[in-house]
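Structural overview for review
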Amino acid sequence: MPGLSLVALGASLVPADPAQLLPAREQMAFTLGFHIILVPFGVAFTFLMLISNARGIRRNDETALLLARRWSQVAAVLFAVGAVSGTVLSFELGLLWPRLMGTYGAAFGIPFAIEGLFFFLEAIFVAIYVYGWQRMRPWPHFWTGVPVVLSGVGGTLSVVAANAWMNQPGGFTMRDGKIVQVRPLEVIFNGAFWFEAIHMLLAAYMVAGFVVAGVYAVGMLRGRRDRYHRLGLVIPLTVAALATPVQIFVGDVVAREVFRNEPAKFAAIEAVPTTGTHVPEVLGGYYANGEVHGGIRVPSGASLLAGYSPSTRIQGLDAIPPELRPPDRLVAIVHLSFDVMVGIGTALLALSAWYALAWWRRRDLPRSRWFLRATAVSGVLAVVALEAGWVVTEVGRQPWTVVGHLLTRDAVTTSGNVWLFFAATVALYTAVGATTVYVLRLLRRRWRDQGGAAEADVPYGPPRASESAPAGGQA
C-alpha cells in the first residue's frame, strides 16, 4: 500500500513531484482506509460467530445458535463488500504505481498470490456455512466454519507480509535495475513480518469484539435487556477484553522493533528533530518548523522506552538527507496518529479491566449505565485506533514505497488524469458503503420483527411445513 496521506499534505509536495502523486496517494488513502475496516470482520467476527455456534451446540442454547446464524448473515454481507473493495485495491496497485509492480512485482506479488488462494477458499466455505444452516447436522456444519476463520487469518497475514516487505524489503537479488532472483520464504517472512502480523491480528480481534459488543450495548441502553442482547454483548466483549492487554504488550515490542530497524519512522513517531540521548517522550503537541509545539514532555521517556536507558541514542530527523526527509506536516500526522492509537488503546484497556473486575467478583456485567455507554462507543474508538495505526505504518514509511529502493514519487504513474479515477472510486465506494448500511438495516429490521421466538426451531430443528428439506437435514 504505497502510502496513506491526507489532503492537507498537498502543500508539502515539492514542485518536482509528478502531478499524479497527490491524487494517487489520496486514492490509496481513501480505499485502504475503507477496506481496512472490513478486515477485522473477516478475521475475528467469524471467530465470534463460531464461539456462539459451539456454545449453542454444547449447551443446547437456542439463543446462542440464533446469534451465530444472524452473525453468519452479517459476515456474508461484509465478505462481499470486502471482495469489492479489495479488488479495487489490487487494480490500483498496478494502475497507480506501475514502477512498483513492474520492477518489484516478482517479489512483492508473491504474498498477494497467496492471499488470492485464501480468498477463494474463504468464499467457498462462507457459502457452505451460510447455506448449511438447517441442512447439515450440528457439528459437521460447525466445522465448515473453521476454514472461514483460518482462511481469513491467512489472507490477512499475506497482505501484512506484503506491507512488511515494503518496510523491510528482502529475499530478492537485483541486477541492472531488474530482479533476477527471488527467495519466496524470505519475501514472506521478512524482518518486519512477525511483529506486524501479530499486531494486526490482535487489532482485528479488538475491533470486531468492541464493535459487536457496542451494538448490543446500545440495544441494552434502549431497554432491551433480554438474554439475546446480553449474550450478544458478553461473547465479543470477552474476546476483545482478552486481546487488549496482550495488544498493549505487543505494541510496546513493535515500537522497539521499529526503533531498531526503521529509525526514520521512529523519529517521526516520537517527533525527534535531532539525534541525541535523553530524548523526552512528547504526548500530544504539533510538529512544525523542526520542533514540537505544545504537548506534555516526559523527561528521557523516549530513550527509556526505546532502550530501557535514558542514555539510549535515538536517531533524529536531522540524520536523514534533506532530499529524503519527510516534511513537517507528514511528521505531525505520524506523531499525532501514534498518540491517538496509544491513547485509545489505553482507554480500551481500562474498559477491559472494568469488565474483568466485575466478572471476577459477580460473574456479571457491571451494572452501571456508564459501563454500557463506554462499551457503546468502544467500537468506534477501536476503528479510529485501527485507522491511526495504519497511518503510522504507511505515512511513516514516506517518502519511500520500498524503503531504500523505490521512492513514492518514482513509483507513481505519470499518465492520465488520476483525479477523475479518484472521483470515480469515491463514487463507487460511497455506493457500496450506502448499500451495505441499507442491507444491514434491513436485516436488523427483519430480526427485530421476528424476535427470538419466531426462530426458536432453527437452526438445527426440523424444517417448517412449507419447507421441502427432510427433517433434521443431511450430513
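Residues numbered from 1 in each chain as written. Predicted model: local features only at pLDDT ≥ 70, side-chain atom pairs only at ≥ 80, totals over all residues. Heavy atoms only, no water.

The next point concerns the overall build of the protein. Scanning the protein from N- to C-terminus turns up 13 helices and eight strands. Along the three orthogonal principal directions, the C-alpha set of the protein runs to about 75 × 50 × 40 Å. In the protein, buried positions account for 52% of the 475 residues. Within the protein, counting contacts between residues at least 6 apart in sequence, those at least 24 apart form 77% of the total. Put simply, the protein shows about 21200 Å² of open surface, and 65% of that area lies on carbon and sulfur atoms. Put simply, the protein has 38 plus and 29 minus side-chain charges, and the middle of one group is 10 Å from the middle of the other. (Helix = DSSP H or I, 4+ residues; strand = E, 2+ residues; numbered from the N terminus. Buried < 20%, exposed > 50% of the residue type's maximum accessible area, 1.4 Å probe, protein only. Contact = heavy atoms within 4.5 Å. Areas by Shrake-Rupley, 256 points an atom, 1.4 Å probe, with all protein chains shown as cover. Lys, Arg positive; Asp, Glu negative; His and termini not counted. Charge placed at Lys NZ, Arg CZ, Asp CG, Glu CD.)

What follows concerns the pairing of strand S2 (residues 178-182). Two elements, strand S1 (residues 172-175) and S2, share four bridges in a ladder whose sense is antiparallel. In the sheet register, Met174 faces S2, and the bridge partner there is Ile179. Where S1 hands over to S2, the hairpin turn is made up of two residues, of which Asp176 adopts a positive phi near 55 degrees. (Pairing = 2+ DSSP bridges.)

With that settled, consider the nonpolar core. If you look at the biggest cluster of nonpolar residues, it comprises 134 residues, and the most contacted ones within it are Phe45, Trp71, Trp97, Trp165, Phe210, Leu233 and Ile314. In terms of residue count, helix H6 (residues 193-221) provides more of this core than any other element does, 18 residues in total. (Core = buried A, V, L, I, M, F, W, Y, C linked by side-chain atoms within 4.5 Å.)

With that out of the way, let us pick up the packing of H6 against helix H10 (residues 328-362). The geometry of H6 relative to H10 is characterised by a closest axis approach of 13 Å and an angle of 55 degrees between their N-to-C directions. As the angle between them shows, H6 and H10 are arranged oblique. Note that H6 runs across H10; the crossing there is left-handed. Packed against H6, whose contacting residues are His199, Met206 and Phe210, the element H10 presents Met341, Leu348, Leu351 and Ser352 at the interface. Per-class residue counts for the contact of H6 with H10 are five nonpolar, two polar and no charged. (Axes fitted to C-alpha atoms, helices over the stretch in contact; angles between N-to-C directions. Parallel < 35°, antiparallel > 145°, perpendicular 65-115°, else oblique. Left-handed = near helix turned anticlockwise from the far one by under 90°. Nonpolar A, V, L, I, M, F, W, Y, C, P; charged D, E, K, R; others polar.)

An α-helical turn contains 3.6 residues, so any two residues separated by three or four positions project in the same direction. The end-to-end C-alpha separation of helix H7 (residues 227-261) is 49 Å, in line with the 51 Å expected for 35 residues at 1.5 Å each. Along H7, the sharpest change in direction is near 25 degrees and occurs at Thr244; proline Pro245 comes one to four residues later. (Expected span 1.5 Å × (residues − 1). Bend = angle between axes of the 7 residues up to and from the residue.)

Bringing the environment of Ala107 into the picture now. Along the polypeptide, Ala107 turns up in helix H3 (residues 98-132). Among the residues examined, Ala107 registers a relative accessible area of 0% and is labelled buried. Remark: the alpha-carbon pair of Ala107 and Ala162, spanning 55 residues in sequence, is separated by 9.0 Å. Beyond its immediate chain neighbours, meaning those up to four positions away, Ala107 contacts Trp165, Phe172, Ile179, Val182 and Val187.

Between Gln398 and the following residue, Pro399, the backbone shows a cis peptide bond with an omega angle of 15 degrees. Phi is positive for Asn60, close to 50 degrees, though the residue is something other than glycine. Positionally, Asn60 belongs in the loop between helix H1 (21-59) and helix H2 (62-96). With relative accessibility at 65%, the residue Asn60 sits in the exposed group.

Time to look at the side chain of Glu196. With respect to the element layout, Glu196 can be found in helix H6. No salt bridge is formed by the buried Glu196; its nearest oppositely charged neighbour, Lys265, is found at 5.2 Å. (Salt bridge = Lys/Arg side-chain N within 4 Å of Asp/Glu carboxyl O.)

One pass over the structure, following the stated rule, counts 26 aromatic pairs. Seen from their ring centres, Phe189 and Trp194 are 5.7 Å apart, and the 15 degrees between their planes marks the pair as stacked. Ring centres 6.3 Å apart and planes at 20 degrees place the aromatic pair Tyr355 and Phe371 in the stacked group. Of this pair, Tyr355 sits in helix H10 while Phe371 sits in helix H11 (residues 369-395), placing them 16 residues apart in sequence. Judged on exposure class, the residue Tyr355 and its partner Phe371 are both buried. Following the ring pairs from residue to residue traces out a cluster consisting of Phe30, Phe34, Trp419, Phe422 and Tyr429. We note Arg135 situated over the ring of Tyr131; from NZ or CZ to the ring centre the distance is 4.1 Å. The ring of Trp370 carries Arg373 above its face, with NZ or CZ at 4.5 Å from the centroid. (Phe/Tyr/Trp six-rings, centres within 6.5 Å; stacked < 30°, edge-to-face > 60°. Lys NZ or Arg CZ within 6 Å of the ring centre and 35° of its normal.)

Turning our eyes to something else, we now look at the pattern of salt bridges. The full count for this structure, using the stated rule, is eight salt bridges. Of the charged contacts in the structure, one is a salt bridge between Arg397 and Glu394, with a shortest N-O distance of 3.3 Å. Taken as a pair, Arg397 and Glu394 share a single burial class, namely buried. By sharing partners, the salt bridges in this structure join Arg55, Asp61 and Arg227 into a single network.

This paragraph deals with a positive patch on the surface. Among the surface-exposed residues, Arg222, Arg441, Arg444, Arg445 and Arg448 lie close enough to one another that they form a single positively charged patch. Looking at the element boundaries, Arg444 is found in helix H13 (residues 418-450). (Patch = residues over 30% accessible without salt bridge, like charges linked within 9 Å, V, L, I, M, F, W, Y side chains within 5 Å.)

Turning next to the packing of H1 against H2. Put simply, H1 and H2 touch, their axes get as near as 8 Å, and they point 155 degrees apart. With respect to their mutual orientation, H1 and H2 come out roughly antiparallel. Helix-helix and strand crossings are classified by hand; for H1 and H2 the assignment is left-handed.

Moving on: the side chain of Asp339. Topologically, Asp339 is positioned in helix H10. Although Asp339 lies buried, it forms no salt bridge, and the closest oppositely charged side chain, Arg297, sits 11 Å away as judged by the N-O distance. Those residues within four positions of Asp339 in sequence are excluded, and the remaining contacts are Val282, Leu283 and Gly284.

What follows deals with the environment of Gly56. Along the chain, the position of Gly56 falls in helix H1. Accessibility expressed as a relative area gives 1% for Gly56, which makes it buried. For the pair Gly56 and Pro326, spaced 270 residues apart in sequence, the C-alpha to C-alpha distance is 53 Å. Once residues lying within four places of it in the same chain are set aside, the contact partners of Gly56 are Asp61, Ala64 and Leu65.

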